[in-house]
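What follows is each chain in one-letter form.
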Amino acid sequence: MRSSFAVFAAIAAASLAATPLVMGASNAFATQDSANVVAMPALVTPIDVVTVPAPVQAETCTRKVRVVYAGYGSEGCAR
């Protein structure tokens, strides 16, 4: 039990010690953007969004029934 705890503690300590070294190395190998890169403006096309109401359907039922099943409601005609 103590040897497994010692191995775990050693791995945790090694990872804590290695983190600054890895971060420093990744920053050292990072490349700078070249100075001759020119940023071009992107063409933006505005789009008009309009809500369209659904067409109203004519009622063809003489008797209307509402069925509720498992939380979903639907309306239909009684036959």
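Because the structure is predicted, anything quoted here is derived from the model rather than measured.

A. Quick look at the overall build of the protein. Along the backbone of the protein there are one helix and two strands. Listing the helices and strands of the protein from first to last along the sequence gives α-β-β. The buried share among the 79 residues of the protein stands at 0%. Of the roughly 8300 Å² of accessible surface on the protein, 65% is carried by carbon and sulfur atoms.

B. Structural detail: helix H1 (residues 2-28). Between its first and last C-alpha atoms H1 spans 39 Å; for 27 residues at 1.5 Å apiece the expected length is 39 Å, and the two agree. The largest bend along H1 measures about 30° and falls at Ala18, with the proline Pro20 one to four residues further on.

C. Structural context of the confidence of the model for the protein. When pLDDT is averaged along the protein, the result is 76; 67% of the residues meet or exceed 70. By mean pLDDT, the top-scoring element of the protein is H1 (85), and the lowest-scoring one is strand S2 (residues 72-77) (56).

Conventions we followed
Residues numbered from 1 in each chain as written. Predicted model: local features only at pLDDT ≥ 70, side-chain atom pairs only at ≥ 80, totals over all residues. Heavy atoms only, no water. Helix = DSSP H or I, 4+ residues; strand = E, 2+ residues; numbered from the N terminus. Buried < 20%, exposed > 50% of the residue type's maximum accessible area, 1.4 Å probe, protein only. Areas by Shrake-Rupley, 256 points an atom, 1.4 Å probe, with all protein chains shown as cover. Expected span 1.5 Å × (residues − 1). Bend = angle between axes of the 7 residues up to and from the residue. pLDDT = per-residue confidence, 0-100.

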